[in-house]
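# Structural features, examined
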Amino acid sequence: MNGAHPAHPSKAITDRPVAQSPLIVAVVGAGPSGIYAAEALSQQVDHDVRVAVIDRLPVPFGLVRYGVAPDHESIRSIRNTLERTLEKSGVRFYGDVTIGRDLTVEDLRSCVDAVIYAFGAASDRRLGIPGEQLIGSLAAPEFVNWYCGHPDVHPETDLSHADAVRGIGHIEVLISTSRSAVVVGAGNVALDVARVLIKTGDELDDTDMAADVLDGLHHKIITDVHFVVRRGPAYTTFTTKELRELGQLEGVEMIINPGDLDLDPSSEAVVAQDRVAARNVEVFRTWAARPPAAADTITRRIHWHFWTRPTAILGDERVSGVALESTQIDADGSVSAGGEVGEIQAQLIIRSIGYRGLPMPGVPYDDATGRVPHAEGRVIRDGGLSPAEYVTGWIKRGPTGVIGTNKSDAVETVNALLADIRDGEVVARHDPDALDRLLAARGIHALGMPAWHAIDAAEVELGHSHGRDRTTLAHRSELLSAADGCLANLNRADEPSHQPG
Ligand code: NAP
């Protein structure tokens, strides 16, 4: 939606300290890590700081909206706290502005006093085995984005059924033609993915899923989900409460090889040191000890294949199965191959083996780790600490931890920035309106909190019309159209110092 880029505006006012001016900090990414950084900056009282939280999407909240599973409403309600931070005086949200496309990092740094990168780790990791490109082989982030209603995987034009089966991302078609699905990995994302795959459409009706997502899930025919886990139950990284939740689904049987619950010495050592591991093993033992349910009460099954990993995804055009090998743990803790153990017939395979950060043009990036190199949140550029450049969240520490982990991470980064302000290394040099002026000069119309409130109201209204609390708008055009009233107002305002949105 953003226009062509005219010449760079004058930098005359941006190069000298501005007397008694607030310090302007841009945060790139309006997910939990970016908003927690804004919160930490707004809570300190030693310095007059204004924060511009910028996101490429029209809406804020990042993984809280597009990662936390829609049937985990209590975790998603963190959004209310994040929203309050974006409403604070001194904090402004700039949605629908892509750094690296609408503005370069250099452009941005030329009109603010410091930048904090918080753009997350949106990509996926690959297994590196034959068949990963087949139709029906997906990365977990793609599936998660789909069920959360992310505009990136909800294109504007609908593909024909034939196109979809040929392969361009119609998850609705895949799940309506798959009886058996494989999920590779044993982390919380794998758990979310498996739960959404095995729940009935009715069990997901009270979520805020987009209408076409929910419709797709109602047409799903999956009866069997297979977890393929390269180590044993003691090494799973599931949150125990959420693992238990999977075992409480009505009509779903857990199929576990009891032999996998006889722990080897390495697993015993893990369980002795790690309470979560011990609790997870206990949950698996409870499931394995359940008396068999009456056959007519079981409609779906979850199969646990520990100590196995896929060697190939089978099929010609569409996935038809997965070949597995057994694994073992070596003295150094690494996983090595045993022998072939057979195949699982499946039409869908979702690899849930971790997210990976992508580079942002103009920002230092370590390809080996998929992160921005840093020291306690200070960005390292060309081998040295880069003045006034900071990083937080998954793009800083990697894709680990729960939402709350981002809070302490952001505090570390903001403390580094505050120390640099105290030391005089970061000073207020820029006019508080410089960013707005640059955006206006480029014809870029940021969406602010009024736009979010309009989208929020439209989603709630749509939900009510379906007898639900909310229905997510998944298409970018729907989001922009819901924000339209605010946009129209914005387009009429040529003043550079307007509130976005
Ligand atoms: P994760 O916890 O790191 O799990 C990744 C899984 O993939 C592990 O089981 C790992 O096994 C396996 N794996 C990695 N490479 C593999 C390979 N080449 N072949 C086979 N298996 C492989 O990551 P995640 O599930 O993506 O979650 C990311 C973060 O988000 C985590 O910190 C998670 O807790 C958090 N999260 C939290 C929630 C929640 O609290 N509700 C929900 C979603 C996500 P090994 O252990 O053997 O390496």
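Presented here is an overview of the structure given in this document. (Residues numbered from 1 in each chain as written. Predicted model: local features only at pLDDT ≥ 70, side-chain atom pairs only at ≥ 80, totals over all residues. Heavy atoms only, no water.)

Next up on the list: the site of the ligand. Every one of the 23 residues lining the ligand counts as a neighbour, but Ala186, Arg230, Arg231, Glu242 and Gly401 are closest to it. Between Glu242 and the ligand, the recorded distance is 2.9 Å, taken from a side-chain N or O atom to a nitrogen atom. Against a free-state accessible area of 930 Å², the protein chains account for coverage of 80% of the ligand. Considering every element that reaches the shell around the ligand, the biggest residue donor is helix α9 (residues 188-198), with three residues. Considered class by class, the residues forming the shell around the ligand number 10 nonpolar, eight polar and five charged. (Near = heavy atom within 4 Å. Polar contact = N/O pair within 3.5 Å; in protein donor to acceptor, adjacent residues only side chain to side chain. Areas by Shrake-Rupley, 256 points an atom, 1.4 Å probe, with all protein chains shown as cover. Helix = DSSP H or I, 4+ residues; strand = E, 2+ residues; numbered from the N terminus. Nonpolar A, V, L, I, M, F, W, Y, C, P; charged D, E, K, R; others polar.)

Here we come to the packing of helix α6 (residues 140-148) against α9. Direction vectors running N to C along α6 and α9 enclose 55°, while the axes themselves pass 10 Å from each other. Taken as axis vectors, α6 and α9 run oblique relative to one another. Between α6 and α9 lies a crossing of left-handed hand. Of the residues in α9, those in contact with Ala140, Phe143, Val144 and Tyr147 of α6 are Val189, Asp192, Val193, Val196 and Leu197. (Axes fitted to C-alpha atoms, helices over the stretch in contact; angles between N-to-C directions. Parallel < 35°, antiparallel > 145°, perpendicular 65-115°, else oblique. Left-handed = near helix turned anticlockwise from the far one by under 90°. Contact = heavy atoms within 4.5 Å.)

Taken as a whole and assessed by the stated rule, the structure comprises 27 salt bridges. A salt bridge links Asp96 to Arg476, with the shortest nitrogen-to-oxygen separation between them at 2.9 Å. With Asp96 in the loop between β3 (91-94) and α5 (105-109) and Arg476 in helix α19 (residues 476-482), this residue pair connects regions lying 380 residues apart in the sequence. Judged by its relative accessible area of 1%, Asp96 is buried. Bridged by salt links that share partners, the residues Asp71, Asp192, Arg195, Lys199 and Glu245 form one connected network. (Salt bridge = Lys/Arg side-chain N within 4 Å of Asp/Glu carboxyl O. Buried < 20%, exposed > 50% of the residue type's maximum accessible area, 1.4 Å probe, protein only.)

Turning next to the environment of Pro32. Here Pro32 is to be found in helix α1 (residues 32-43). The exposure class of Pro32 is buried, given its relative accessible area of 6%. Distance from Pro32 to Gly62, taken between C-alpha atoms, is 6.6 Å for residues 30 residues apart in sequence. With near-sequence residues (within four places) excluded, Pro32 lies in contact with Phe61, Leu63, Val64, Leu82, Ile403 and Asn406.

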